[in-house]
Amino acid sequence: MSTYKTMAYHLETERLIMRPWAESDAPEFCALLSERGNGTPPVERIRTAVAKLLSATEETGIALLPVQRRDEGDFIGYCGLIIGRTTLEEPEIAYELFQRVHGRGYATEAAAAVLDAAAATGRKRLWSTVGTWNGPSLRVLEKLGFERDRVSTEENGEVAWLTRALP
């Protein structure tokens, strides 16, 4: 069992609400994933993925959470902690938002709330891995105090590994 506290699964900021996944998020999650340019995944596959995310949250005590705008109530993406390429002790912060809401500070706002939630678990460091081509995401991480650790080459190109100490 982990020596860390469980991450808060309900986070709120001035403009955003992050909460656990619901099966009803699947169609919007499909639409978000389709923006990657690889087609739209079947809704049933995404419903299964949502169930796996909820199960992983139970097992690990960390969560990737849907992000919705407080006033509009619409699903605009996700943000949270994952094991990804790292470990449960030093997880990765991950986020992805619909292109239609890019450039409004939502990713930075959501990720800052997740940083606070991660610090509250007792963790001392987070990672992020992002394609070196993804300038906007790299800028979000820079604003949040992440520093580049190294670059690796993977199947899809170069990946920047960034890290940030937690208070």
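Further up the page is the structure itself.
Worth saying up front: this structure is predicted, and the values here are computed from it rather than measured.

> Hey, could you run me through the packing of aromatic side chains in this one?
The geometry of an aromatic ring pair comes down to the distance between the two centres and the angle between the two planes. Throughout the structure, instances matching the rule amount to 5 aromatic pairs. For the pair F29 and Y78, a centre-to-centre distance of 5.9 Å together with 75 degrees between the ring planes defines the contact as edge-to-face. Here F29 is found in helix 1 (residues 26-34), whereas its partner Y78 is found in strand 4 (residues 75-82), with 49 residues between them in sequence. Per residue, the accessibility class of F29 equals that of Y78, and both read buried. Centroid distance F75 to F98: 6.2 Å. Interplanar angle 80 degrees. Geometry classified as edge-to-face. Separated by 23 residues along the polypeptide, F75 in strand 4 and F98 in the loop between strand 5 (92-97) and helix 3 (106-120) bring together distant segments of the chain. Classification of F98 as buried rests on a relative accessible area of 5%. Site record: aromatic cluster; members linked through ring pairs are W21, F29, F75, Y78 and F98. A cation sits over an aromatic face here: R123 above Y4, 4.3 Å from the ring centre. R150 extends its terminal NZ or CZ atom over the ring of W161, reaching a point 4.1 Å from the ring centre.

> How should I be thinking about the nonpolar core in this particular structure?
Most often, soluble globular proteins keep nonpolar side chains buried together rather than apart. M18 and F29 are the most contacted members of the largest nonpolar core, which has 48 residues in total. Here the element with the most residues in this core is helix 3; it accounts for 9 residues. Dropping the residues within four chain positions of it, F29 is found in contact with W21, I46, V50, L53, F75 and Y78.

Analysis parameters
- Residues numbered from 1 in each chain as written.
- Predicted model: local features only at pLDDT ≥ 70, side-chain atom pairs only at ≥ 80, totals over all residues.
- Heavy atoms only, no water.
- Phe/Tyr/Trp six-rings, centres within 6.5 Å; stacked < 30°, edge-to-face > 60°.
- Helix = DSSP H or I, 4+ residues; strand = E, 2+ residues; numbered from the N terminus.
- Buried < 20%, exposed > 50% of the residue type's maximum accessible area, 1.4 Å probe, protein only.
- Lys NZ or Arg CZ within 6 Å of the ring centre and 35° of its normal.
- Core = buried A, V, L, I, M, F, W, Y, C linked by side-chain atoms within 4.5 Å.
- Contact = heavy atoms within 4.5 Å.

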